[in-house]
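Examining the three-dimensional arrangement
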Amino acid sequence: MEYLLSINFEQFVDELIFILGSYGFIIIIVFGIMHPLFENPLALLNLSLAFLLLGIPLGFLVVFLSNLVGILLLYLATTKFNTKSNDILFEKNISSKVLNWVNTTATWRHILVIGVPMIPTYPVKIAVPLSKVGFKKYMITLVGAYFFLYFGNSLIYFGVIGFLTNNLPSYVSFGLLLLFVVYIYFGRSFFKKNRIYE
């Protein structure tokens with residue numbers, strides 16, 4: 001079944017490239033800019049199209065540069081929202097606690113969680129600039145997350161995970177990625193609480 005799905009995906013990509021023709025390059029750039037802004041599930045498809053149309057090095061470069069534009073636009077939009085709304089999110093009890101938590105959580109945790117493929121992490125991605133972490137920390141977080149995303153999507157694209165795990169079913173890999181996200185944020189504190197109770 002999974003073998004058939006992978007064949008269908010490859011046929012779909014081949015047919016899409018044939019249909020797109022010279023517009024494929026533009027679509028790669030548009031999808032790349034859109035991903036940081038809207039969290040569409042097109043990161044793997046966009047990277048695949050970039051590899052097939054432009055080759056691996058140029059494909060990575062075009063996707064990265066277009067993602068970088070989207071990352072900068074997201075920062076501008078969220079900081080403008082904070083300014084126009086007079087920091088309304090910091091005045092609300094729940095949202096201020098969440099944004100303060102995002103601001104004080106270690107950067108590497110956000111990088112890993114935002115960058116995990118197939119997990120919807122848009123709330124965290126948008127909370128990072130809304131929490132006023134500063135431009136430098138924001139860029140380190142988001143650019144690092146996207147490099148981690150490229151690494152994960154490349155493993156999926158080139159089939160390394162399927163080779164290592166002997167075709168692990170997609171729902172199992174999704175569950176493992178979700179557990180990874182939960183562990184990154186809450187694992188140490190959970191284990192410390194258990195030690196206290198012991």
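Residues numbered from 1 in each chain as written. Predicted model: local features only at pLDDT ≥ 70, side-chain atom pairs only at ≥ 80, totals over all residues. Heavy atoms only, no water.

Some remarks on the environment of Tyr 150
Turning to its location among the elements, Tyr 150 is positioned in helix α9 (residues 135-158). Accessibility expressed as a relative area gives 6% for Tyr 150, which makes it buried. Remark: the alpha-carbon pair of Tyr 150 and Leu 47, spanning 103 residues in sequence, is separated by 8.0 Å. If sequence neighbours within four positions are ignored, Tyr 150 has contacts with Leu 47, Phe 60, Val 63, Phe 64 and Asn 67. (Helix = DSSP H or I, 4+ residues; strand = E, 2+ residues; numbered from the N terminus. Buried < 20%, exposed > 50% of the residue type's maximum accessible area, 1.4 Å probe, protein only. Contact = heavy atoms within 4.5 Å.)

Considerations on the packing of aromatic side chains
Under the definition given, this model contains seven aromatic pairs. Their ring planes at 70° and their centres at 5.0 Å tell us that Phe 51 and Phe 60 sit as a pair that is edge-to-face. Residue classification places Phe 51 among the buried residues on the basis of a relative accessible area of 6%. You can call Phe 60 partly exposed: its relative accessible area is 27%. With a centroid separation of 4.9 Å and 35° between ring planes, the pair formed by Tyr 75 and Tyr 138 is classed as tilted. Pair noted here: Tyr 75 is in helix α4 (residues 56-84) and Tyr 138 is in helix α9, with a separation of 63 residues, a long-range link. Each member of the pair Tyr 75 and Tyr 138 is classed as buried. Aromatic rings pair up to connect Phe 51, Phe 60, Phe 64, Tyr 146, Phe 147 and Tyr 150 into one cluster. (Phe/Tyr/Trp six-rings, centres within 6.5 Å; stacked < 30°, edge-to-face > 60°.)

Overview of unusual backbone geometry
Phi is positive for Lys 132, close to 60°, though the residue is something other than glycine. Inspection of the secondary structure assignment puts Lys 132 in the loop between α8 (122-130) and α9.

Describing the packing of helix α3 (residues 43-54) against α4
Between α3 and α4, whose axes approach to 7 Å, the crossing angle comes to 135°. By the angle between their axes, α3 is oblique relative to α4. The hand of the α3/α4 crossing is right-handed. Contacts between α3 and α4 involve Asn 46, Leu 47, Ala 50, Phe 51 and Leu 54 on the former and, on the latter, Ile 56, Leu 58, Gly 59, Phe 60, Val 62 and Val 63. Partitioning the contact of α3 with α4 into residue classes produces nine nonpolar, two polar and no charged. (Axes fitted to C-alpha atoms, helices over the stretch in contact; angles between N-to-C directions. Parallel < 35°, antiparallel > 145°, perpendicular 65-115°, else oblique. Left-handed = near helix turned anticlockwise from the far one by under 90°. Nonpolar A, V, L, I, M, F, W, Y, C, P; charged D, E, K, R; others polar.)

Purely geometric stuff here, so don't read any function into it on its own.
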